[in-house]
Amino acid sequence: MAVQLPLQFDLQSENNFDSFFPASNQELLEHLQRFIHDKQELQLYLWGETGLGKTHLLQACCQQAQHIGRQAFYLNLIDANPEILEGLDAIELVCLDNVDQIAGNADWEHALFNFYNRLREREHQLLLTASCPPRYLPFMLHDLKTRMSWGLTLKLKILSDAEMIAAFRLKAQSMGIEVPDRIARFLQQHYQRNLPGLWQLLDKIAQTTLMEKRKLSVAMIKRIIDQNGPN
Amino acid sequence: MSSIWSNCLKKLENEIPGADFSTWLRPLQAVEEGDTLKLLAPNRFIIEHVKQHFLPKLEDAVYEFSNGSLIIEFEIGSKKPTVQIQPKLSSNKTTGSAPSTVKKAPSNINRAFTFESFVEGKSNQLAKAASMQVSENIGKAYNPLFIYGSSGLGKTHLMHAIGNAVLEKNPSANVVYLHSERFVQDMVKALQQNTINTFKDYYRNVDILLMDDIQFLAGKERSQEEFFHTFNNLLDKKHQVVLTCDSYPKEIEGLEDRLKSRFGWGLPVAIEPPDLETRTAILIKKAQQQGIDLPQDVAFFIAKRIPSNVRDLEGALRRVIANHRFTGDEITIEFSKEALHDLISLQDKLVTIDNIQKTVADYFKIRVINLSSKSRKQSITRPRQIAMTLARELTSHSFPEIGDAFGGRDHTTVMNACKRINKLRESDVKVAEDYQNLLRMLSH
């Protein structure tokens, strides 16, 4: 049987507020929305463990700001060089992902410090994410560190097992995939407990169901996990 | 937005992965000029990235929606009018500009930072009094005024307050506030663009130069040289210079002696971390500025739990107010405790130097008393230096207080220890690892 080639699935394009499963983070979502719409606060620092959806939320904020006609720029500091910050202070809302990752890099810390000061002089907004609260950022530059705690600091709460599965179902649903109870139970018992891992699995599921034109089953999931590594 | 560009974006949104589209294409601004669609980007790195990854698709889209009538051109810039906060270094005027012809830039003074909005306490009253004096007697009272102290204690606020007070009395005064790194950057640009004379004219003709965080000139010899002349020029003309720094003039490492000496000519005044009463007053005032009547007992509770700098205090207050606005609940101690749960629970375990000393001694398997002893063995000095650095990072104690807690040592010993350890954390994996481990142990 000829196998149909799947379309390219890009889960990141789904990173909006509707596709984020709030669980116990409803209040946090409200704060983020206010931050973008009210423009009262200059800075918001969002932190939480890896895999909880910080990147998802940051991209959602950036996209929503753009949709209401604001200039916004998203940047993952893991992939970037400090020079990218040049001139970005002209943008109304700058979203910097994984700010903790540049700690200890003197060039980066200085560039971020200068950028921060310039952005604040212009009273433009800064949205940051990190895996720890501002106080524990291992920055060498003390002046940069104190600035990180200046604005509103919010913690992204961990999802329970049940919430994680519900999040998986929500995302799957947005891609037209139904996740029956037995599959949810299987994932809960056998698969890793972090969202990026689940999204990757979902990506593979989407491709496999489309290629094979079959509904999702436990056997199919087992096969996908065997082929791609479980955890 | 250009309608052609708007159509292009709609098309490209379906062709380019979402994250790439949001990051690289959405922030571009388009201007139609004749037969050109000019795409404006914040910097050359974004232009390069866009060209490298998306140019063919962009060209196709523009060709389609303009019926082949427009070609793409990239340019660094922004359509929105932005506040000019630095000298126009690309100006044609390269020599001998009279002060009146140099563009004035008053907008870099933050109007919110005034003497009225500054909360005075024992820790900062001298600095405030000196700043007020300076604003009333420009170039005569203390020149330069040198305000020093740790980060986040209100040095910048006082600088802006001076600027605002002067501008209130004389709106045409040429008051310039800038961070010292900006001075360096502007100078580098001026050298690159061959506009160094315009740069010099600009800074040497201001009435008041307010330069923040002067310690960032350390190690930058060419900038120090230029600043030295700017400084002398302004003082000769009896124009006012106000500087802030994280340490006393003579203790700034990497700064030429002649600058250190000049910085001490006027009045060096310190700002110390605020005491409990001042922190409480700061919270009440900051809340008032946001239209919130913060009860005294709540302010006292927060101030007690957040003993560090003013930025941390403001951050905590913002959290309480944000939660209040979200829930509509009354702000009480219980409410604040809940709102600040994350911050307070971490803070609780970290407030004492004793705790840090005990943890460090256990970690290195030495006795706590060794940390305060006179021993110079490396097996003792290294843990001692690490403990001092941790005390500096995790508590609000001043250098002298930390010195006292480590066997009555001088504050410069503590400062040197912090510098040494922070440097070693960059070059010595073992030290970096030990420090990170201890930081983790003390924060959980």
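The rules behind each value
Residues numbered from 1 in each chain as written. Chains lettered and ligands numbered in written order. Predicted model: local features only at pLDDT ≥ 70, side-chain atom pairs only at ≥ 80, totals over all residues. Heavy atoms only, no water. Helix = DSSP H or I, 4+ residues; strand = E, 2+ residues; numbered from the N terminus. Buried < 20%, exposed > 50% of the residue type's maximum accessible area, 1.4 Å probe, protein only. Contact = heavy atoms within 4.5 Å. Areas by Shrake-Rupley, 256 points an atom, 1.4 Å probe, with all protein chains shown as cover. Domains from an automatic or database assignment. Buried area = accessible area lost by both parts, 1.4 Å probe. Salt bridge = Lys/Arg side-chain N within 4 Å of Asp/Glu carboxyl O. Polar contact = N/O pair within 3.5 Å; in protein donor to acceptor, adjacent residues only side chain to side chain. Nonpolar A, V, L, I, M, F, W, Y, C, P; charged D, E, K, R; others polar. 1 Å grid on protein atoms, 1.4 Å probe; cavity = no way out; pocket = protein on both sides within 12 Å on 5 of 7 lines; lining within 4 Å. Points joined across faces, edges and corners; volume = space filled by probe spheres on them. Axes fitted to C-alpha atoms, helices over the stretch in contact; angles between N-to-C directions. Parallel < 35°, antiparallel > 145°, perpendicular 65-115°, else oblique. Pairing = 2+ DSSP bridges.

Caption draft 1: Layout of the overall build of chain A. Tallying secondary structure elements over chain A gives 8 helices and 5 strands in all. In chain A, the order of α-helices and β-strands from amino to carboxyl end is α-β-α-β-β-α-β-α-β-α-α-α-α. Overall, chain A is about 60 × 35 × 30 Å in size when its C-alpha atoms are taken along their principal axes. Buried residues in chain A amount to 57% of all 231 residues. Restricting to contacts in chain A with at least 6 residues of sequence separation, those with at least 24 account for 71%. On chain A, roughly 9800 Å² of surface is accessible, and the fraction owed to carbon and sulfur atoms is 48%.

Caption draft 2: Region of interest: the domain arrangement of chain A. All names here are of chain A. Along its sequence, chain A is carved into domain 1 (17–155) and domain 2 (161–228). Summarising the inter-unit geometry, the C-alpha centres of domain 1 and domain 2 are found 31 Å apart. Contact residues are listed per partner, giving 10 residues for domain 1 and 8 residues for domain 2. With both chains or domains summed, domain 1 and domain 2 bury close to 670 Å², and 69% of this area falls on carbon and sulfur atoms. The interface formed by domain 1 and domain 2 contains 0 salt bridges. Counting across the interface, domain 1 meets domain 2 through 0 residue pairs in polar contact (both at pLDDT 80 or more). Its residues assigned to classes, the side of domain 1 that touches domain 2 shows 4 nonpolar, 5 polar and 1 charged.

Caption draft 3: Representation of empty space enclosed by the protein in the model. Enumeration over the complete set of coordinates arrives at 9 cavities of 30 Å³ or more. Taken as a whole, the largest cavity encloses approximately 330 Å³ of empty space. Of all the elements in the fold, those that place two or more residues in the lining of the largest cavity are α4 (142–148) of chain A together with α5 (155–169), α10 (276–289) and α12 (310–327) of chain B. In terms of residue class, the lining of the largest cavity is built from 9 nonpolar, 8 polar and 9 charged.

Caption draft 4: Summary view of the packing of helix α1 (residues 26–38) of chain A against α12(B). Relative orientation of the contacting elements α1(A) and α12(B) amounts to 100°, with a least axis distance of 11 Å. Relative to α12(B), the element α1(A) lies roughly perpendicular. Contact residues: A:E27, A:E30, A:H31 and A:R34 in α1(A); B:A322, B:N323, B:R325 and B:F326 in α12(B).

Caption draft 5: Inspection of the side chain of A:K145 at higher detail. Position of A:K145 among the secondary structure elements: in helix α4. Setting aside residues up to four positions removed in sequence, A:K145 forms contacts with A:P134, A:R135, A:L137, A:F139 and B:E393.

Caption draft 6: Region of interest: the sheet that holds strand β6 (residues 208–212) of chain B. Residues and elements named next belong to chain B. Strand order in the open sheet made by the 5 strands is β5-β6-β7-β4-β8, with parallel pairing throughout. Sheet topology places β5 (175–179) and β8 (267–270) at the edges, where each strand pairs with a single neighbour. For this sheet, the mean angle separating the axes of adjacent strands, direction not counted, is 15°. Where β5 lies against β6, 5 bridges are found, and the strand directions are parallel. Opposite L178, over in β6, you have M211 as the bridge partner. Contacts from helix α8 (residues 221–236) reach β6 and β7 (240–245), with the element oriented near 140° to β7.

Caption draft 7: Geometry of the sheet that holds strand β1 (residues 43–47) of chain A. All names here are of chain A. The strand order across the open sheet built from 5 strands is β2-β3-β4-β1-β5, with neighbouring strands paired in parallel fashion. The open sheet terminates on both sides in strands that have one partner only, identified here as β2 (72–76) and β5 (152–155). Neighbour-to-neighbour, the strand axes of the sheet open up by a mean angle of 15°, direction not taken into account. One ladder, built from 4 bridges, connects strand β3 (residues 93–97) with strand β4 (residues 125–130); its direction is parallel. Opposite V94, over in β4, you have L126 as the bridge partner.

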